[in-house]
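Observations on the model geometry
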Amino acid sequence: MAEENAVKPEKASAPKASEEAVANAQVGVEEDAAKAGSASAAAKAPAMDRRIPMTCVAVMIFILLVAFFCVGVQVVTDMVEAKNAPTEIKGKNATQGVDYPTLSRLPDGVAAEVNGVEIPESWIDDFIANMRAANGLESQEAWDAWMIENNQTTETIRNRIILYYVNQEMVDQIAEEMGIHPTEADYQATRDALMGDPERLASIEEVLKQEGRTLEDYEVDLQTLTKREMIGEKANEGITETQEFKDAVLQGIQAQYPEYASAASLDEVDSEIVKEITDSYKAMSDSQALSNKVAEFIDAKPVLYAAIASDAPYQSNSDAYFSLLELRQNLNKSGIFIEEGGFFDSLLSDIGGGAQVRADAPQS
């Protein structure tokens, strides 16, 4: 994330790779979605064993057989429901609650598409490969254990990385449509704000380390953050001069500062306090305005993603693990209680390897 060129690299080139991507893919509402990363130019992780163990094949057959029984139970009891089905991207615009992107059939090698701009599947592959290499997860056993311990399936981790790139592209296009073209001074202001916040900087650096990235790799994310802020500000231009906004600021001051509980106007309040609350409310209002612009974009433009390929190079046995775990949950819901430490737990242990056996399925 170190200071890099203010000009964003061409999207045609492979991005730089890297896990807050896995946790922060949310445009306009989660400030450091960028901690996820553009694909890395660093050396790729060594080849890994992608074969699924025979134990896992047996588990899949077992799951299939039991599934037929579960369907019958569900019809009779209407109690079995998939509490956790980590198979969809659940990108949400926090203000509007808009789901995106939409599952679609895209050309081979394309993971997602934002208003005609393609996001290559190779970006996702490189991102995950670099993350695995940075954390010593090249072996299948280590990868499976990490995925289970971090509540991830092959699909959920891919989806969250896709969201990172989708969100970045949406911000670029919205900024272009609004005539927003940040200068080097704008980007430098964002860098300075980050460098002036040691706690936030340390948090970002720790995430980047886990992703196999550096501050220099974070530069594109900083540029995206700058554009997000400028979109919100422009969409919200003049808001502080409205009476509605001023009334809200006064109410906020009255709630936080008892000595001004009876103030009739901002003129009766200390100017420093007025500035503090005004700046805070303006930031929240700008964030809402950005959120609205994102919702409008999603409503008006095609934002698509492709289903995961069966031969994804980062496949994990966590898929079978969580499928079996969910099956046990469903059987228990149906009144068919599975003994702790029995056959199911033995299978879970075999699949999970060194991972700690979890009691819950992953949240998407």
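Residues numbered from 1 in each chain as written. Predicted model: local features only at pLDDT ≥ 70, side-chain atom pairs only at ≥ 80, totals over all residues. Heavy atoms only, no water.

Some remarks on the overall build of the protein
How we decide: Starting at the N terminus, helices and strands are each numbered in turn, a helix being any DSSP run of H or I of at least four residues and a strand any DSSP run of E of at least two. Think of it in three bands: residues with accessible area under 20% of the maximum for their type are buried, residues over 50% are exposed, and the middle band is partly exposed, with areas taken using a 1.4 Å probe on protein chains only. Values of accessible area rely on a 1.4 Å probe in the Shrake-Rupley scheme; residue burial ignores everything except the protein chains shown.
Along its length, the protein carries 12 helices and six strands. Here the protein holds 364 residues, and 48% of them are scored as buried. Approximately 17600 Å² of the protein is accessible, and the part contributed by carbon and sulfur atoms is 52%.

Considerations on the pairing of strand β4 (residues 110–114)
Heads up, the rule is: Note: two strands are recorded as paired if DSSP finds a minimum of 2 bridges between them.
Most of β4 sits inside the fold, with five of its five residues counted as buried. Pairing of β4 with strand β5 (residues 117–120), which is carried by four bridges, proceeds in the antiparallel orientation. Opposite Val-114, over in β5, you have Val-117 as the bridge partner. Linking β4 to β5, which pair antiparallel, is a turn of two residues; within it Asn-115 sits at a positive phi near 50°. As defined by bridge partners, β4 adjoins strand β6 (residues 303–305) across three bridges and the pair is classed as antiparallel. Among the inter-strand pairings, Ala-112 is bridged to a residue of β6, identified as Tyr-305.

Observations concerning the nonpolar core
Put simply, the rule reads: Think of a nonpolar core as a cluster: buried Ala, Val, Leu, Ile, Met, Phe, Trp, Tyr and Cys residues, connected wherever their side-chain atoms sit within 4.5 Å. A contact between two residues is defined here by any heavy atoms of the two lying within 4.5 Å.
Core analysis: the biggest nonpolar cluster contains 36 residues, and Trp-143, Val-166 and Met-170 have the highest contact counts within it. Mapped by element, the contributors of at least two residues to this core are β4, α3 (121–134), α4 (140–149), α5 (154–177), α10 (271–300) and β6. At 11 residues, α5 tops the list of elements feeding residues into this core. Ignoring any residue separated from it by four or fewer positions in sequence, one finds Val-166 in contact with Tyr-100, Ala-112, Val-114, Ile-119 and Val-303. Membership of the second largest hydrophobic core comes to 11 residues, among which are Val-249, Ile-253, Tyr-260 and Val-274.

Details of the pattern of salt bridges
Let me state the cut-off plainly: Salt bridges, as used here, are contacts in which a Lys or Arg side-chain nitrogen is within 4 Å of a carboxyl oxygen on Asp or Glu.
Under the definition given, this model contains 10 salt bridges. Two residues, Arg-191 and Glu-184, come together in a salt bridge whose shortest N-O distance is 2.7 Å. The partly exposed category is assigned to Glu-184, whose relative accessible area is 40%. The shortest N-O distance in the salt bridge between Glu-211 and Arg-213 comes to 3.0 Å. Arg-213 gets classed as buried once you look at its relative accessible area, which sits at 5%. One salt-bridge network, held together by shared partners, links Glu-184, Arg-191 and Glu-219.

Some points on the environment of Glu-138
Mapped onto the fold, Glu-138 is located in the loop between α3 and α4. A residue is classified by how much of its surface remains accessible, and Glu-138, at 23% relative accessible area, is partly exposed. It is 9.6 Å that separates the C-alpha atoms of Glu-138 and Tyr-314, two residues lying 176 residues apart in sequence.

Description of the confidence of the model for the protein
As a reminder, the rule being used: On a range of 0 to 100, pLDDT expresses the predictor's confidence in each residue.
Of the residues in the protein, 65% reach a pLDDT of 70 or more, and the chain-wide mean stands at 76. Of all helices and strands in the protein, the one with the weakest mean pLDDT is helix α1 (residues 20–23) (39), whereas β5 scores best (98). Scored below 50 in pLDDT, residues 1–53 shows 178 contacts in the model against residues more than four places distant or in partner chains. Contacts from residues 61–97, a stretch scored under 50 in pLDDT, to residues over four places away or in other chains number 82 contacts.

Looking at the sheet that holds β4
Applied cut-off: Fitted lines through C-alpha atoms give the axes, limited to the stretch in contact for helices. The angle between two N-to-C directions lies from 0 to 180 degrees.
The strand order across the open sheet built from four strands is β3-β6-β4-β5, with neighbouring strands paired in mixed fashion. The sheet is open, and its two edges are formed by β3 (102–103) and β5, each paired on a single side. Here α5 sits on the sheet in contact with β4, β5 and β6, set at roughly 30° to β4.

As for unusual backbone geometry
Its identity is not glycine, yet Asn-115 carries a phi of approximately 50°, on the positive side. Within the secondary structure, Asn-115 is located in the loop between β4 and β5. Even without glycine at this site, Asn-151 takes up a positive phi of about 60°. Its relative accessible area of 14% is what places Asn-151 among the buried residues.

Some points on the packing of aromatic side chains
Geometrically, a pair of aromatic rings is defined through the distance of the ring centres and the angle of the planes. For the record, the criterion: Centres within 6.5 Å are what make two rings of Phe, Tyr or Trp a pair, Trp counting through its six-membered ring; a difference in plane orientation under 30 degrees is then read as stacked, over 60 as edge-to-face, and the rest as tilted.
Across all of its chains, the model carries five aromatic pairs by this definition. Taken together, Trp-123, Phe-127, Tyr-164 and Tyr-165 form an aromatic cluster joined through their ring pairs.

Focus on the environment of Asp-126
For Asp-126, the location among the structural elements is in helix α3. Accessibility expressed as a relative area gives 10% for Asp-126, which makes it buried. Put simply, Asp-126 and Tyr-314 are 188 residues apart on the chain and 10.0 Å apart in space, counted from C-alpha to C-alpha.

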